[in-house]
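Residues per chain, in single letters:
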Amino acid sequence: MTQVQLRSISKRFGGFTAIENIDLDIRSGELVALLGPSGCGKTTTLRMIAGLENPTTGEIHFDDRDVSDLRVQDRNVGMVFQRYALFPHMTVEKNIAFGLSVRGTPRSEISDRLDEIIDVVQLGPFRQRFPAQLSGGQMQRVAIARTLITKPSVLMMDEPLANLDTKLRGEMRRFIRTLQQRLGITTIFVTHDQVEAMELADRIAVIFNGHLAQFGPPEDLYRQPVSVDVADFMGASNIFPGTMTGTDAVKTGFGTLSVVAQPGMADGSRVHAMLRNEGIDIHPANVEGGDDMVAGRIAARDFFGATVNYVVECGAERIIVNEQSRRLLDVGMEVRLDIPAERVWLMAG
Amino acid sequence: MRRERLFLALQMTPIMVVLFLLFGGALVLAIVQSLGYAPWFGVNTFPDLSYFRALWSSPSFWQSLGLTMYYATVSTFLALVGGILLALALIKTFPGKTLYKYLYKLPLMIPYTVGIALAVLMLGNGGVLSRFAALFGLIDDPGQFPQILKTHYGWGIIAVYVWKQLPFITLAIYAVLLGIGRETEEAAAILGAKRRTIFFRVTLPQILPGIVSSTLICFAFNVGAFEAPFILGGGFPDTLPVVAWRYFNDADYTLQLQGMATVVSIGLIAGVILFGYLAAYRRFEKRMGRN
Ligand SMILES: Nc1ncnc2c1ncn2[C@@H]1O[C@H](COP(=O)(O)OP(=O)(O)OP(=O)(O)O)[C@@H](O)[C@H]1O
Ligand SMILES: [Mg+2]
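On a predicted model such as this, the values are computed, not experimentally measured, just so you know.

Criteria and thresholds
- Residues numbered from 1 in each chain as written.
- Chains lettered and ligands numbered in written order.
- Predicted model: local features only at pLDDT ≥ 70, side-chain atom pairs only at ≥ 80, totals over all residues.
- Heavy atoms only, no water.
- Patch = residues over 30% accessible without salt bridge, like charges linked within 9 Å, V, L, I, M, F, W, Y side chains within 5 Å.
- Areas by Shrake-Rupley, 256 points an atom, 1.4 Å probe, with all protein chains shown as cover.
- Salt bridge = Lys/Arg side-chain N within 4 Å of Asp/Glu carboxyl O.
- Lys, Arg positive; Asp, Glu negative; His and termini not counted.
- Charge placed at Lys NZ, Arg CZ, Asp CG, Glu CD.
- Helix = DSSP H or I, 4+ residues; strand = E, 2+ residues; numbered from the N terminus.
- Buried < 20%, exposed > 50% of the residue type's maximum accessible area, 1.4 Å probe, protein only.
- Pairing = 2+ DSSP bridges.
- Axes fitted to C-alpha atoms, helices over the stretch in contact; angles between N-to-C directions.
- Contact = heavy atoms within 4.5 Å.
- Buried area = accessible area lost by both parts, 1.4 Å probe.
- Near = heavy atom within 4 Å.
- Polar contact = N/O pair within 3.5 Å; in protein donor to acceptor, adjacent residues only side chain to side chain.

A. Here's a closer look at a positive patch on the surface. There is a patch of like positive charges on the surface, built from Lys94 of chain A together with Arg201, Arg283 and Arg287 of chain B. Mapped onto the secondary structure, Arg201 of chain B falls in helix α10 (residues 195-224). The class for Arg201 of chain B is partly exposed, based on a relative accessible area of 34%.

Encoded structure:
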């Protein structure tokens, strides 16, 4: 159980700044996802925590101990690489036992711990195989077992699910989550898939261009993103520019919405309003309702089985509404949208 | 199916004919000559093992064989160690890397004979090194410079082989290193392995294909090489290719057949060694689960 702190970490490669002044405080036993687009610096961040790369400035602390001068070998971290990095010339068993064997662990202990971990990752039938003879999911479990057997104090995984097919990915996600909770090991998990991050992580750190854009629990990032970029990356589709009228209403391209006052959003300021797809109630136009409803017309319908998306044209804008598909409304239908003030989130700009 | 094969065989006929005439034909000719068939010299005692018998029963043949193997093995080994170290260094980033990457390949483009001339100029008594040594007072006179060329330790010959082949081996291993990337080494470091352990347990097994193929080529070349031992060697005993040359060059042209027996012997011995080496490597590959 180790707490990991990045204090004002920057990393430059020559003239290129890969990481700019990141502060990150990861609690012991927590699972944190680093989320961001390709090239934003996720791998670089992991590599600095592991000691494979030195920060240009700043300090990294494990439990209040500065590890900046600690060699890779002495940090007692674990890392599952993006492409696994298994030793191709060793069997599954030898791969997994490597970390113990180079530390001079007695043979009998290695064999006991090997049996134990192979049981956990369910690789029993493959002990004598070589990496080239394994499937992607099996290789990944070898990589995880190889890392866990040394009982690292911090576990890092660099997009471990990227190379797996959808079904296996779901299985491995549950597997990783269960394992992490059972062992209570501080885990940092890199992904560029926001659904994966939300499903797995206790907290998510969103990184753009080497900057930490937001760090918080999944629901915060989803409901209260600090910027349009974060909202966009978290999959928000209804983001509309507007102007504050007073502190509790915003004028948009499809009418004025009442909102809950947010700090910093003064009368007349330019803002973006985010409406979550599932936070909007849609009613046929003939149903009685309040006057503050937004009128529109269903322009398109996407049916997903359990849920359905409507694209509703309201004035100049298109609003996407998601609801349970217990009933279905038809394309072309006149509707009214009920958008409660507490479901509108405002962002600066 | 049969027709396709036949068609394929027909298509390959021209190249096979050329290959056979160039290599196979010459090989067959060498073998039959070494067995006593050379009517153009007025010799025809085929099949006759006496040339091999004479060769193999003379102690000087075994001395020459020993010397040939010594030069070939030591220089291949030195070039390999140097090549591995250089390739490992080149894979890292350091200032001026681009320049070094061109510089180390220079000997590859310079012919052996030029290398031999350089060795004479640099390493000989009265050569550049000896003069510098004298200039800096390490020795009183250039003539006191230790004998490097024309001795049976053959440092001059080995120096030329290594000078030429180290870049070649470096190139081969560097390419393999680039292919395997740094990640397995980094994974090993994170798992707690020290640098030595990483090299012997992670890097070395992975660059083995490059090591085997490049040393194979160098060793085979060194066994058959002629110029360096001829020019820089110490006289009797000579390496086998030089021995063969002496037979070929003899006024008594019936000794040609003795020369052929020598050449065929070199081929046989080198073949057996290389085959054994490859077989051992195949076994290792199989054990690693590669096919
Ligand atoms: N050794 C290096 N030298 C120079 N630039 C580098 C180096 N390593 C990374 N970079 C640059 O730093 C930036 C961040 O790289 P990083 O690998 O951390 O991205 P990432 O977020 O992991 O991306 P991806 O999702 O594609 O894996 C990239 O622009 C990359 O080109
Ligand atoms: Mg990456």
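Read on, since the account is not over.
B. Region of the structure containing unusual backbone geometry. Backbone geometry at Ser8 of chain A places phi at a positive 45°, although glycine is not the residue there. Of note in this structure, Asp64 of chain A is not a glycine but carries a positive phi near 65°.

C. Molecular detail of the sheet that holds strand β9 (residues 203-208) of chain A. Residue and element names in this part refer to chain A. Taken in spatial order, the six strands of this open sheet run β6-β7-β8-β3-β9-β10, and their pairing is mixed. On the outer flanks of this sheet lie β6 (77-80) and β10 (211-216), each paired with one strand and no other. When strand polarity is set aside, the average angle formed by the axes of neighbouring strands in this sheet is 15°. Against the sheet, helix α1 (residues 42-50) contacts β3 (31-35), β6, β7 (154-158), β8 (186-191) and β9, and its axis sits at roughly 155° relative to β7.

D. Main features of the interface of chain A and chain B. Contacts between chain A and chain B engage 27 residues on the former and 21 residues on the latter. Carbon and sulfur atoms supply 63% of the area that chain A and chain B bury against each other, a total of about 2,100 Å² over both sides. Interface area lost by chain A to chain B is led by Gln73, His89 and Phe98 of chain A, which between them contribute 28%. Counting the contacts that link chain A with chain B gives two salt bridges.

E. Up close: the site of ligand 1. Residue and element names in this part refer to chain A. Ligand 1 sits among Phe13, Phe16, Ala18, Ser38, Gly39, Cys40, Gly41, Lys42, Thr43, Thr44, Gln82 and Glu159. Ser38 places a side-chain nitrogen or oxygen 2.5 Å from an oxygen atom of ligand 1. Look at ligand 1: alone it shows 640 Å² of surface, and the protein chains cover 61% of it. At the level of elements, β2 (16-26) and α1 are the ones that each hand at least two residues to the shell around ligand 1.

Interpretation note: all reported values are geometric properties and have no functional meaning in isolation.
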